[in-house]
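# Fold and contact review
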Amino acid sequence: MEYILISQSRPYVMQYNKTEENKWLLTEYEGENASLSLTSINFGLSFQEIYEGVTFNIIND
């Protein structure tokens, strides 16, 4: 019903939810102040919790 992809290189999460029509709906979350809520169960996490202890190496092009 739900599929979550969490980036290891930046604060970014992709959340796929299966709809009643058996199609996948994509929601993207980005930024250090974002939070993720799961729809299949009553559960949520802030990006501060998800990425606790992670330091990102930001490279500017």
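A brief report on the enclosed structure follows. The structure displayed is predicted, hence computed values, not measured ones. (Residues numbered from 1 in each chain as written. Predicted model: local features only at pLDDT ≥ 70, side-chain atom pairs only at ≥ 80, totals over all residues. Heavy atoms only, no water.)

## Remarks on the nonpolar core
Counting residues in hydrophobic clusters, the biggest one holds 6 residues: Val13, Ala34, Leu36, Phe47, Tyr51 and Phe56. Beyond its immediate stretch of four places on either side in the chain, Phe56 contacts Gln8, Ser9, Arg10, Pro11 and Tyr51. (Core = buried A, V, L, I, M, F, W, Y, C linked by side-chain atoms within 4.5 Å. Buried < 20%, exposed > 50% of the residue type's maximum accessible area, 1.4 Å probe, protein only. Contact = heavy atoms within 4.5 Å.)

## Points about the sheet that holds strand 3 (residues 24–30)
As summarised here, the arrangement of the 3 strands in space is 1-2-3, forming an open sheet in which the pairing is antiparallel. Of all strands in the sheet, those with a lone pairing partner are strand 1 (2–6) and strand 3, marking the two edges. Averaged over all pairs of adjacent strands, the angle between their axes in this sheet comes to 15°, without regard to strand direction. Pairing analysis gives 5 bridges linking strand 1 to strand 2 (residues 12–18), with the strands arranged antiparallel. Residue pairing across strands places Ile4 opposite Gln15, the latter belonging to strand 2. (Pairing = 2+ DSSP bridges. Helix = DSSP H or I, 4+ residues; strand = E, 2+ residues; numbered from the N terminus. Axes fitted to C-alpha atoms, helices over the stretch in contact; angles between N-to-C directions.)

## Quick notes on the environment of Thr55
Note on placement: Thr55 falls in the segment after helix 1 (47–50). Looking at Thr55, the relative accessible area reads 68%, which means it is exposed. For the pair Thr55 and Leu5, spaced 50 residues apart in the sequence, the C-alpha separation amounts to 18 Å.

## Some remarks on the side chain of Glu2
Considering the arrangement of structural elements, one finds Glu2 in strand 1. One buried charge, Glu2, has no salt-bridge partner; the nearest side chain with opposite charge is Lys18, at 13 Å. Polar contacts involving the side chain of Glu2 include one to the side chain of Gln15, which spans 2.6 Å. Looking at Glu2, its side chain comes within polar contact range of the side chain of Ser40, at 2.6 Å. (Lys, Arg positive; Asp, Glu negative; His and termini not counted. Salt bridge = Lys/Arg side-chain N within 4 Å of Asp/Glu carboxyl O. Polar contact = N/O pair within 3.5 Å; in protein donor to acceptor, adjacent residues only side chain to side chain.)

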